[in-house]
Amino acid sequence: ELACKDLDKKLARAAKMMKIKEVFDETLAEMDSNSIQPLVDSFSKYLSQTTLGNYKLGSIDEDFELDMIRSDDVAMPVNLLSSGTYDSVALSLRFAMLEHAFAQAHGFVVLDDCLVDLDPDRRGEAIKIIREYAHNNQVIFTTCSPETAQLLGGKIIEL
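The following paragraphs examine the structure supplied in this document.

What counts as what
- Counting starts from 1 at the beginning of each chain's written sequence and moves along it residue by residue.
- Given that the model is predicted, a residue must reach a pLDDT of at least 70 before its local features are reported, and side-chain atom pairs must reach 80 or more before they are shown or counted; all residues, however, enter totals for whole chains, interfaces and linings.
- Side-chain metrics rest on all non-hydrogen atoms present in the structure, leaving aside hydrogens and water.
- Helix and strand assignments follow DSSP, with helices taken as H or I runs no shorter than four residues and strands as E runs no shorter than two, numbered in order from the N terminus.
- Radius of gyration means the value over C-alpha atoms here, while the globule rule gives 2.2 Å times the residue count to the 0.38 power.
- Whether a residue is buried, partly exposed or exposed follows from its accessible area with a 1.4 Å probe, protein chains only, as a fraction of its type maximum: under 20%, in between, or over 50%, in that order.
- Angles run from 0 to 180 degrees between N-to-C directions of axes, and those axes are lines fitted to C-alpha atoms, restricted for helices to the stretch in contact.
- Convention used here: angles under 35 degrees read as roughly parallel, angles over 145 as roughly antiparallel, angles from 65 to 115 as roughly perpendicular, and any remaining angle as oblique.
- Contact criterion: two residues are considered in contact whenever any of their non-hydrogen atoms come within 4.5 Å of each other.
- By definition, turning the near helix anticlockwise from the far helix through less than a right angle yields a left-handed crossing, and turning it clockwise yields a right-handed one.
- Residue type decides the class: Asp, Glu, Lys and Arg count as charged, Ala, Val, Leu, Ile, Met, Phe, Trp, Tyr, Cys and Pro as nonpolar, and the leftover types, Gly among them, as polar.
- We treat two strands as partners when DSSP finds at least two bridges between them.
- Salt bridges are counted wherever a side-chain nitrogen of Lys or Arg sits within 4 Å of a carboxyl oxygen of Asp or Glu.

**Notes on the overall build of the chain**
Stage number 1. Helix and strand counts for the chain stand at five helices and five strands.
Stage number 2. Going from the N terminus to the C terminus, the chain shows its helices and strands as α-α-β-β-β-α-β-α-β-α.
Stage number 3. Its C-alpha atoms give the chain a radius of gyration of 24 Å, clearly above 15 Å, the size a compact globule of 159 residues would have.
Stage number 4. On the principal axes, the C-alpha backbone points of the chain span a range of 90 × 40 × 20 Å.
Stage number 5. For the chain, buried positions account for 30% of its 159 residues.

**Describing the packing of helix 2 (residues 37-50) against helix 4 (residues 120-134)**
Stage number 1. Helix 4 packs onto helix 2 with a crossing angle of 140° between their chain directions and a minimal axis gap of 8 Å. The angle between helix 2 and helix 4 falls in the class oblique. Contacts between helix 2 and helix 4 pair Tyr 46, Gln 49 and Thr 50 from the former with Arg 122, Glu 125, Lys 128 and Ile 129 from the latter.

**Section: the environment of Ser 35**
Stage number 1. Mapping Ser 35 onto the fold places it in the loop between helix 1 (2-34) and helix 2.
Stage number 2. As a C-alpha pair, Ser 35 and Ile 60 span 25 residues in sequence and 12 Å in three-dimensional space.

**Looking at the packing of helix 3 (residues 83-101) against helix 4**
Stage number 1. Here helix 3 crosses helix 4 at 15°, and the two axes come no closer than 11 Å. One way to sum up the angle between helix 3 and helix 4 is to call them roughly parallel. The interaxial crossing formed by helix 3 with helix 4 has left-handed handedness. Taken together, the residues of helix 4 that come into contact with helix 3 (itself represented by Gly 84, Thr 85, Ser 88, Leu 91, Phe 95 and Leu 98) are Arg 122, Ala 126, Ile 129, Ile 130 and Tyr 133.
Stage number 2. Of the residues in the contact of helix 3 with helix 4, the class split is seven nonpolar, three polar and one charged.

**A short note on the sheet that holds strand 1 (residues 55-60)**
Stage number 1. Strand order in the open sheet formed by three strands is 1-2-3, with antiparallel pairing between adjacent strands. Bordering the open sheet on either side are strand 1 and strand 3 (75-77), each of which pairs with just one other strand. The average angle at which neighbouring strand axes cross in this sheet is 35°, direction not considered.
Stage number 2. Bridge count between strand 1 and strand 2 (residues 66-70): five bridges; the pairing is antiparallel. Paired with Tyr 55 across the strands is Arg 70, a residue of strand 2.
Stage number 3. Together, strand 1 and strand 2 form the strand contacts of helix 2, whose direction differs from that of strand 1 by roughly 155°.

**Remarks on the pattern of salt bridges**
Stage number 1. Tallying each qualifying case throughout the model produces seven salt bridges.
Stage number 2. Glu 125 serves as the salt-bridge partner of Lys 128, at 3.1 Å between the closest nitrogen and oxygen. Here Lys 128 and its partner Glu 125 are both found in helix 4, three residues apart, which amounts to about one turn of the helix.
Stage number 3. For Glu 125, a relative accessible area of 18% puts it in the buried group.

Following this line, the structure appears as structure tokens:
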């Protein structure tokens with residue numbers, strides 16, 4: 001009789017453990033499927049700004065392999081983009097990652113002449129993003145262009 005009671009207790013405990021495992025598995029699957037979505041949303045926002053609305057994200061996988069969609073709905077692999085558009089995509093991804101990495105604290109970024117291949121309009125949008133980030137974070141930007149240095153503002157150190 002004691003053995004039967006002990007068995008019933010263990011079966012009840014096992015049933016509770018199975019329910020916990022089921023909820024854990026569901027939560028884990030949900031986290032995996034949506035964990036990249038906030039980054040995708042930030043990237044899409046920056047991408048629209050740096051490409052003047054000419055590109056949007058087609059897809060992004062967990063290895064950050066990107067496919068872009070032009071405004072005329074033509075899919076463009078990243079390796080076929082012009083150097084200026086590629087730099088816009090890279091800068092957008094960088095700032096999306098920074099936004100999430102330093103969401104709760106101040107951060108920093110070091111940028112090395114990442115605006116060189118951008119046309120004036122895209123450069124202006126990229127500068128807005130950099131300056132906005134610099135309001136609450138440290139930005140170190142190296143450039144050989146006095147014009148870019150002036151547009152970025154901040155403390156200019158000439159070597």
